[in-house]
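Results of the structural survey
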Amino acid sequence: MTGVPASAAGEAGRRPVPGAKLGAAAVNQASLWNIANILTMVRLVLVPGFVLLLLADGGYDPAWRAWAWAAFAVAMITDIFDGHLARTYNLVTDFGKIADPIADKAIMGSALICLSWLGDLPWWVTGVILGRELGITLLRFWVIRYGVIPASRGGKMKTLAQGTAVGMYVLALTGALATMRFWVMAIAVVLTVVTGLDYIRQAVVLRRQGLAAERAAR
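The shown structure was predicted, so the numbers you read here are calculated from the model rather than taken from an experiment.

1. Focus: the overall build of the protein chain
- For the protein chain, the helix and strand inventory stands at 8 helices and 0 strands.
- When the elements of the protein chain are put in sequence order from the N terminus, they spell out α-α-α-α-α-α-α-α.
- The buried share among the 218 residues of the protein chain stands at 43%.
- Surface accessibility of the protein chain: about 11600 Å² in total, with carbon and sulfur atoms responsible for 71%.

Structure below.
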């Protein structure tokens, strides 16, 4: 779920593994209808279904919430596999670069907004996470002429923490598990803020270096 975006940057920076096996057309042509893009489209289609399941019967039926969690889990898994397949088999397309981060933000954003609307999650948490994701996306566009901000290990940990925490909130948990999900979300929020500040630092440094290089070239 997780911004952006990291998956797009990762796709562009890896070469196919020698001897890897996949359909020849997909490997050689990287057409729109390759397996990585299909998984991304599945994730996009899952978003409205996930919302309907989460809000079914007023949003508090444990059975419907379990189904919603299943849809959310499938979306998170496809996020892992589509990026891995794109990097491993060189299935990078312009569609994937655009659709992958949109799908990530759509499933995570819809989950956060629905949970806050149901009263399960404070709105400020949703605001911090979504604000960070939007801000970093805009930041990447701001410095794109000077280079790409690479995905960091902290960013990957943030994505994992967010996905785990949101998944726990989607389920109708009680007792110790409900307490645990609070702390998992707290960790996710901290990582969201810390990694966001680090991306800002990287963007400022990258822009300064780019401007210095432009001045030196004159």
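2. A look at a nonpolar patch on the surface
- A cluster of nonpolar side chains, contributed by Leu32, Trp33, Ile35, Ile38, Val42 and Phe95, occupies part of the molecular surface with about 520 Å² of accessible area.
- Counting residues per element, the nonpolar patch draws most heavily on helix H3 (residues 35-55), at 3 residues.
- By the element assignment, Phe95 lies in helix H5 (residues 94-117).
- Using a relative accessible area of 31% as the deciding quantity, one classes Phe95 as partly exposed.

3. Brief notes about the environment of Ile144
- Mapping Ile144 onto the fold places it in the loop between helix H6 (123-143) and helix H7 (153-170).
- Here Ile144 falls in the exposed class, since its relative accessible area comes to 52%.
- Each C-alpha atom, one on Ile144 and one on Ala203, is 9.3 Å from the other, the two residues being 59 residues apart in sequence.

4. Considering H3
- Between its first and last C-alpha, H3 extends 30 Å over 21 residues, near the 30 Å set by a 1.5 Å rise per residue.
- Within H3, the axis deviates most sharply at Val47, by approximately 30 degrees, and proline Pro48 lies no more than four positions further along.
- Looking only at H3, the buried set comprises Ala36, Asn37, Leu39, Thr40, Arg43, Val47, Phe50 and Leu54.
- Those residues of H3 that are buried are in contact with helix H4 (62-89), H5 and H7.
- Looking at the residues trailing H3, positive phi occurs at Asp57, about 55 degrees.

5. Remarks on unusual backbone geometry
- Unlike most non-glycine residues, Asp57 shows phi in positive territory, near 55 degrees.
- Along the chain, the position of Asp57 falls in the loop between H3 and H4.
- Judged by its relative accessible area of 58%, Asp57 is exposed.

6. Considering the side chain of Gln202
- Assignment of secondary structure puts Gln202 in helix H8 (residues 175-217).
- Of the polar contacts made by the side chain of Gln202, one reaches the side chain of Asp198; its length is 2.9 Å.
- Filtering out sequence-adjacent residues up to four positions away, Gln202 remains in contact with Ile149 and Pro150.

Quick notes on the rules
- Residues numbered from 1 in each chain as written.
- Predicted model: local features only at pLDDT ≥ 70, side-chain atom pairs only at ≥ 80, totals over all residues.
- Heavy atoms only, no water.
- Helix = DSSP H or I, 4+ residues; strand = E, 2+ residues; numbered from the N terminus.
- Buried < 20%, exposed > 50% of the residue type's maximum accessible area, 1.4 Å probe, protein only.
- Areas by Shrake-Rupley, 256 points an atom, 1.4 Å probe, with all protein chains shown as cover.
- Patch = residues over 30% accessible without salt bridge, like charges linked within 9 Å, V, L, I, M, F, W, Y side chains within 5 Å.
- Salt bridge = Lys/Arg side-chain N within 4 Å of Asp/Glu carboxyl O.
- Expected span 1.5 Å × (residues − 1).
- Bend = angle between axes of the 7 residues up to and from the residue.
- Contact = heavy atoms within 4.5 Å.
- Polar contact = N/O pair within 3.5 Å; in protein donor to acceptor, adjacent residues only side chain to side chain.

Distances and angles like these do not, on their own, reveal function.
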